[in-house]
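The chain contents come next:
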Amino acid sequence: MSVTSFYCVSTTQIVPSYAFKKHTKREGGSMMITFVFLSYTLGVAAAAALGPMFVLVFNRSASRGAWAGIATGMGAALTDGCYFFLGLLGTLNIIQSHPAYTGILHVLGGCALAIFGASFLVKTYKPITVQDAQTRYGMMFMQGVGMTIFNPMVVFFFMAASIKVLSSYSTVLTLADKVLGSLSLSCGSLSVFVLISLSGHYVGHKISHKTLSMLQLLTGVFIFCIGIYVLFSAREVLTSLLV
């Protein structure tokens, strides 16, 4: 009996094994494409939400050039992908199952956001050239990472998103698939931050230094208020633990 004529015997019918494998491979490829597209869409949704990173990237690109905003967005996009990957591994579920971790995350995140926002309020706006900004791209990248890591809203977003994804793909996704999905999500986030940076850069050329100074002030107020809101949320979480 040749390989191409080998048959799998069933109680109801006889199906050629090579046809079954071909169908399974095609079905798996279709599910993988759907998963990658879904991951990319989640990245777009995360970056497009009007949060601290959205405002910060726009401010950076308006005052220091498009590449300054992109450098900040790259840090945030990379962290988004890492959080999604941890969620797919089930690591973020530890936070959900231990309310004390949620309280600690709120306290650390609220303090970090409030301090970062306050730094915009205390320093005066000083216009810098694009050449000067290029020497600070590394710092801007790390600020994007830090702002995303310490933002509890980002953690809970990817916690919920990963749980939803796992409920549909739990028996399909391999480790390589999860890495690919996380990279796709980072690309989705970065694509939005690039658009925000280009828009901010265009607006920055159309407005005065006084308006840019006001934009920096508003950015600081926005981020500071989010930090205070997160701290108040931490108070509710910690109070519920003590009761």
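Only a predicted model underlies this, so the values are computations on that prediction, with no experimental measurement involved. (Residues numbered from 1 in each chain as written. Predicted model: local features only at pLDDT ≥ 70, side-chain atom pairs only at ≥ 80, totals over all residues. Heavy atoms only, no water.)

### Details of the overall build of the protein
Right, on to step 1. Along the backbone of the protein there are 10 helices and 2 strands.
Right, on to step 2. In the protein, of all internal contacts separated by at least 6 residues, the share reaching a separation of at least 24 is 87%. (Helix = DSSP H or I, 4+ residues; strand = E, 2+ residues; numbered from the N terminus. Contact = heavy atoms within 4.5 Å.)

### Points about the packing of aromatic side chains
By convention here, two paired aromatic rings are described through the distance between centres and the angle between planes.
Right, on to step 1. All chains considered together, the criterion is met by 2 aromatic pairs.
Right, on to step 2. Note on F157 and F158: the rings are 5.1 Å apart at their centroids and 85° apart in plane angle, and the pair reads as edge-to-face.
Right, on to step 3. A residue is classified by how much of its surface remains accessible, and F157, at 31% relative accessible area, is partly exposed.
Right, on to step 4. Grouped by ring-pair contacts, the aromatic residues F84, F157 and F158 constitute a single cluster. (Phe/Tyr/Trp six-rings, centres within 6.5 Å; stacked < 30°, edge-to-face > 60°. Buried < 20%, exposed > 50% of the residue type's maximum accessible area, 1.4 Å probe, protein only.)

### Topic: helix α3 (residues 66–89)
Right, on to step 1. Compared with the 34 Å implied by 1.5 Å per residue over 24 residues, the 34 Å span of α3 between its first and last C-alpha is a close match.
Right, on to step 2. Counting buried residues along α3, 17 of its 24 residues qualify, which places the element largely inside the surrounding structure.
Right, on to step 3. Downstream of α3 by one or two residues, G90 has phi in the positive range, about 90°. (Expected span 1.5 Å × (residues − 1).)

### Thoughts on the environment of L92
Right, on to step 1. Secondary-structure assignment places L92 in the loop between α3 and α4 (93–97).
Right, on to step 2. Accessibility expressed as a relative area gives 4% for L92, which makes it buried.
Right, on to step 3. A sequence separation of 67 residues divides L92 from M159, and the C-alpha atoms of the two residues are 5.9 Å apart.
Right, on to step 4. Once residues within four sequence positions are removed from consideration, L92 is found in contact with Y83, L86, G87, V155, F158 and M159.

### Observations concerning helix α2 (residues 52–64)
Right, on to step 1. Along its 13 residues, α2 runs 18 Å from first to last C-alpha, staying within 8% of the 18 Å computed at 1.5 Å per residue.
Right, on to step 2. For α2, a buried count of 11 out of 13 residues is recorded, marking the element as mostly surrounded by other parts of the structure.
Right, on to step 3. Every buried residue belonging to α2 is among P52, M53, V55, L56, V57, N59, R60, S61, A62, S63 and R64, and all of these are buried.

### Remarks on a nonpolar patch on the surface
Right, on to step 1. A contiguous nonpolar surface patch, about 600 Å² in accessible area, is contributed by L121, V122, M214, L217, L218, V221 and F224.
Right, on to step 2. Within the residue set of the nonpolar patch, elements represented by two or more residues are α5 (99–122) and α10 (209–242).
Right, on to step 3. Element by element, the count of residues in the nonpolar patch is highest for α10, at 5 residues.
Right, on to step 4. With respect to the helices and strands, the residue V122 is situated in helix α5. (Patch = residues over 30% accessible without salt bridge, like charges linked within 9 Å, V, L, I, M, F, W, Y side chains within 5 Å. Areas by Shrake-Rupley, 256 points an atom, 1.4 Å probe, with all protein chains shown as cover. Salt bridge = Lys/Arg side-chain N within 4 Å of Asp/Glu carboxyl O.)

### Observations concerning the environment of I149
Right, on to step 1. Positionally, I149 belongs in helix α7 (residues 137–149).
Right, on to step 2. A relative accessible area of 35% means that I149 is categorised as partly exposed.
Right, on to step 3. When the C-alpha atoms of I149 and G75 are compared, they prove to be 9.9 Å apart, with 74 residues separating the residues in sequence.

### Regarding the packing of α2 against α7
The axes of two packed helices give the description: the angle between them and the distance between them.
Right, on to step 1. Where α2 meets α7, the closest approach of the two axes is 10 Å, and the angle between their N-to-C directions is 165°. With respect to their mutual orientation, α2 and α7 come out roughly antiparallel. Here α2 runs over α7; the crossing is right-handed. Contacts from P52, M53, L56, R60 and R64 in α2 reach M140, Q143, G144, M147 and T148 in α7.
Right, on to step 2. Its residues assigned to classes, the contact of α2 with α7 comprises 5 nonpolar, 3 polar and 2 charged. (Axes fitted to C-alpha atoms, helices over the stretch in contact; angles between N-to-C directions. Parallel < 35°, antiparallel > 145°, perpendicular 65-115°, else oblique. Left-handed = near helix turned anticlockwise from the far one by under 90°. Nonpolar A, V, L, I, M, F, W, Y, C, P; charged D, E, K, R; others polar.)

### Details of the side chain of S189
Right, on to step 1. Relative to the helices and strands, S189 is located in helix α9 (residues 175–204).
Right, on to step 2. A relative accessible area of 0% means that S189 is categorised as buried.

### Some details on the nonpolar core
Right, on to step 1. In terms of nonpolar packing, the biggest core is built from 18 residues, with F35, F84, F158 and V165 touching the most fellow members.
Right, on to step 2. Elements with a contribution of two residues or more to this core: α1 (17–48), α3 and α8 (152–169).
Right, on to step 3. Among the elements that make up this core, the one with the highest residue count is α8 (8 residues).
Right, on to step 4. Ignoring any residue separated from it by four or fewer positions in sequence, one finds F84 in contact with S39, L42, F158, S162, V165, G181, S182 and L185. (Core = buried A, V, L, I, M, F, W, Y, C linked by side-chain atoms within 4.5 Å.)

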